[in-house]
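Residues per chain are reported as follows:
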Amino acid sequence: MIAVYSSFIKNKLFIDGDWCSSADEKTFAVMNPATGELIAQVADATPADATRAINAAARAQITWAEKTASERSRLLRCWFDLVMQNQESLAQLLTLEQGKPLAEARGEIAYGASYIEWFAEEAKRIYGDVIPPLANNQRILVTKQPVGVVATITPWNFPNAMLARKLAPALAAGCTVIAKPAAETPLSALALAQLALEAGIPAGVINIVPSSQAQAIGEVFTSNILVRKLSFTGSTAVGKKLIAQCAADVKRITLELGGNAPFIVFEDADLDAAVTGAIASKFRNAGQTCVCANRFYIHQSIYDAFCQKLTAAMQTLKLGNGFTDEVTIGPLISLRAKEKVQSFVDDAVQRGARIAYQAAIQTPFQTSAAESFAQGNFFPPALLVDVPQDARLVCEEIFGPVAGLIRFATEEQVIQLANASEYGLAAYVYTRDANRIKRLSEQLQTGMLGINTGLLSNAAAPFGGIKQSGWGREGSRYGLDDYLNIKYLCEAFS
Ligand code: ADP
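What you see is a predicted model; the values in this text were computed from it and never measured.

About the criteria used
Residues numbered from 1 in each chain as written. Predicted model: local features only at pLDDT ≥ 70, side-chain atom pairs only at ≥ 80, totals over all residues. Heavy atoms only, no water. Near = heavy atom within 4 Å. Polar contact = N/O pair within 3.5 Å; in protein donor to acceptor, adjacent residues only side chain to side chain. Areas by Shrake-Rupley, 256 points an atom, 1.4 Å probe, with all protein chains shown as cover. 1 Å grid on protein atoms, 1.4 Å probe; cavity = no way out; pocket = protein on both sides within 12 Å on 5 of 7 lines; lining within 4 Å. Sits in = over half its atoms within 2 Å of the grid points. Helix = DSSP H or I, 4+ residues; strand = E, 2+ residues; numbered from the N terminus. Nonpolar A, V, L, I, M, F, W, Y, C, P; charged D, E, K, R; others polar. Salt bridge = Lys/Arg side-chain N within 4 Å of Asp/Glu carboxyl O. Buried < 20%, exposed > 50% of the residue type's maximum accessible area, 1.4 Å probe, protein only. Points joined across faces, edges and corners; volume = space filled by probe spheres on them. Pairing = 2+ DSSP bridges. Axes fitted to C-alpha atoms, helices over the stretch in contact; angles between N-to-C directions. Contact = heavy atoms within 4.5 Å. Core = buried A, V, L, I, M, F, W, Y, C linked by side-chain atoms within 4.5 Å.

**Notes on the site of the ligand**
Taken together, 15 residues lie around the ligand, and Thr154, Trp156, Lys180, Phe232 and Ser235 are the ones closest in. Between an oxygen atom of the ligand and a side-chain N or O atom of Lys180, the distance comes to 2.9 Å. Here an oxygen atom of the ligand and a side-chain polar atom of Ser235 are 2.7 Å apart. In isolation the ligand has 550 Å² of accessible area, and contact with the protein removes 79% of it. If you map the ligand onto the pockets, it falls in the largest pocket. For the shell around the ligand, the secondary-structure elements that each account for two or more residues are α7 (214-223), β10 (227-233) and α8 (236-247). A total of three residues in the shell around the ligand trace back to one element, the largest contributor, which is α7. When its residues are assigned to classes, the shell around the ligand shows eight nonpolar, six polar and one charged.

As structure tokens, then:
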């Protein structure tokens, strides 16, 4: 691999089109989770910096909204082209700071860019409406207007795509944005801003304030009256706090929170397809994905066969540094994350589950201090069987490469088990029975349902959850609604 990412390592705040230090000149360290090596010291935004970014976004919003839809569309399209021209550099940067295998990182860059392309097109289709009035000397018109300044807070698991998926619809609608990426992975966000600048997106339209002080920046975002909307992707616990904070001035809010996806395989399923789907859904990004399969419900008559096939497929997974060819599972983001996953496995075993398979750490990591750090972040993929329904592995979001299997006997029983969760983001079912598919489509409590597929996310589709998995949708034509206000005009005439 030829390293081509270095021109994309930006380590300043991006405010009003300028790269700048933080008000107190402090920085924080961004580390490679695979090696423990320092990648960069990045400017650490203070609350005063966040306020300055909000003011810049508020100034820019007026002229950005005044542009025609096709002007905004052209700029977004140009940005999309630049992202794709630099896909390799951005992918390397992503693997460097986040750890995912390079092939997956390339996929994430294309996936994130697809939202920019999609909303470049949708920008021109923000239609209003004319409604038949109740009196014939009236006209009822409906127009759509940008909500204004949007603050975003994004996580480290998809540092490019989670941000692109918010920036693109916001800009298409005529909003401007201040973004706080996760402190673990700010570089991908800053690189996106750099390309937006090159694409000609005006100063102040996108502002990025990386910070180690998440709570303090979140308080500035939610308490500043100039911010009209917050879009957050992250944990349900933080989402709930942000809802409370936004209540004070009734800010609009979009939340993409935790998930606990059931993956249900019926006795009539194509087992090989189910295993392929399970691997894609469970082990992508080392299991650190909110739509990851979290609980596997397998019909009792095919339980052993599925377990064998899944074990065989898991034996082909290769754990290691994401830059190494053929690696399919990178490190977890941190030692803390690894310890949490291990505690879920321990809890399940204590409650009676059995580890049917776990890869050994075969990585040649014993050679340097940095590499022994790395060994600390790697979690070998594991398969647990006979997991009880009350195990943490079943009830909570795992965010790691662990699959836990549970037997079921009937469709009614599995629907009840699948719905027994406060989350409702994604679910997956494998069956060939068309009537069963219809019943499950109606009854499963989820925002998204994969039917005979383990991958369901794309720019044309509405991504989002129900229950405590969030509010609003990202992507698709519905994804613009969250960035638009409806205005009703009642026109009387004589
Ligand atoms: P995770 O556990 O996956 O890191 P979090 O919800 O903690 O999920 O983090 C998602 C994003 O929310 C990150 O950008 C993080 O910095 C930010 N964040 C964490 N705590 C707060 C908070 N109290 N207020 C605002 N943002 C927060």
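Having seen it, we continue.
**Details of the pattern of salt bridges**
All told, the structure shown has 21 salt bridges when counted by the stated rule. A salt bridge links Glu474 to Lys166, with the nearest nitrogen and oxygen atoms 2.8 Å apart. Of this pair, Glu474 sits in the loop between β21 (470-471) and α16 (478-481) while Lys166 sits in helix α5 (residues 161-173), and the two are 308 residues apart along the sequence. Overall, Glu474 belongs to the buried group, its relative accessible area being 3%. Of the charged contacts in the structure, one is a salt bridge between Asp347 and Arg351, with a shortest N-O distance of 2.9 Å. Accessibility expressed as a relative area gives 40% for Arg351, which makes it partly exposed. Through salt bridges that share partners, Glu267, Asp268, Glu411, Arg436 and Arg439 make up one connected network.

**Description of the layout of surface pockets**
Space inside the largest pocket adds up to approximately 1,200 Å³. Together, 41 residues line the largest pocket, and Trp156, Gly234, Ser235, Val238 and Arg336 are the ones closest to its centre. Counting residues per element, the lining of the largest pocket draws most heavily on α8, which supplies six residues. The residue inventory of the lining of the largest pocket, partitioned by class, reads 18 nonpolar, 14 polar and nine charged. Empty space within the second largest pocket amounts to approximately 310 Å³. Surrounding the second largest pocket, 20 residues form its lining, Tyr111, Phe158, Arg284, Leu455 and Ser457 being those nearest its centre. If you tally residues by element for the lining of the second largest pocket, the top one is helix α4 (residues 102-122), at four residues. Counted by class, the lining of the second largest pocket contains 10 nonpolar, five polar and five charged residues.

**Some thoughts on the environment of Ala216**
Relative to the helices and strands, Ala216 is located in helix α7. With 171 residues separating them in the primary sequence, Ala216 and Ala45 have C-alpha atoms 9.9 Å apart.

**Regarding the sheet that holds strand β13 (residues 293-299)**
Ordered by their spatial adjacency, seven strands build an open sheet running β14-β15-β16-β13-β12-β18-β19, and the pairing between neighbours is mixed. Edge positions in the open sheet fall to β14 (354-358) and β19 (448-451), since each of these has one partner strand only. Pairwise comparison of adjacent strand axes, ignoring direction, gives a mean angle of 20° for this sheet. With respect to the sheet, helix α14 (residues 411-419) is in contact with β12 (261-265), β13 and β16 (402-408), its orientation differing from that of β13 by roughly 170°.

**Description of the nonpolar core**
One finds Trp79, Val265, Phe306 and Leu405 to be the most contacted residues of the largest nonpolar core, which totals 137 residues. With 10 residues, α5 is the single largest residue contributor to this core. Leave out the neighbours within four places in its chain, and Phe306 touches Val265, Leu271, Ala274, Val275, Ala278, Phe296, Ile298 and Leu405. Core analysis: the second largest hydrophobic core is formed by 27 residues, Leu13, Ala56, Val227 and Ile253 among them.

**Let's talk about empty space enclosed by the protein**
Enumeration over the complete set of coordinates arrives at three cavities of 30 Å³ or more. If you add up the space inside the largest cavity, you get close to 70 Å³. Contributions of two or more residues to the lining of the largest cavity are made by β12, α14, β17 (423-424) and β18 (426-430). A class-by-class count of the residues in the lining of the largest cavity yields eight nonpolar, six polar and one charged.

**Remarks on α7**
Those residues of α7 lying buried are Ile217, Gly218, Val220, Phe221 and Thr222. Buried residues in α7 make contact with α1 (47-66), β7 (149-153), β8 (176-180), β10 and α8.

**Brief notes about the pairing of strand β4 (residues 38-43)**
Pairing of strand β3 (residues 27-31) with β4, which is carried by five bridges, proceeds in the antiparallel orientation. For Val30, the partnering residue across the bridge sits in β4 and is Ala40. Hairpin connection from β3 to β4: six residues lie between these consecutive antiparallel strands, with Gly36 at a positive phi of about 80°.

**Overview of unusual backbone geometry**
At Ala286, a position not held by glycine, the phi torsion is positive, near 55°. With respect to the helices and strands, Ala286 occurs in the loop between α9 (271-283) and β13. Relative accessible area serves as the criterion here: at 2%, Ala286 is assigned to the buried category. Of note in this structure, Asn452 is not a glycine but carries a positive phi near 60°. Turning to its location among the elements, Asn452 is positioned in the loop between β19 and β20 (466-467). Among the residues examined, Asn452 registers a relative accessible area of 38% and is labelled partly exposed.

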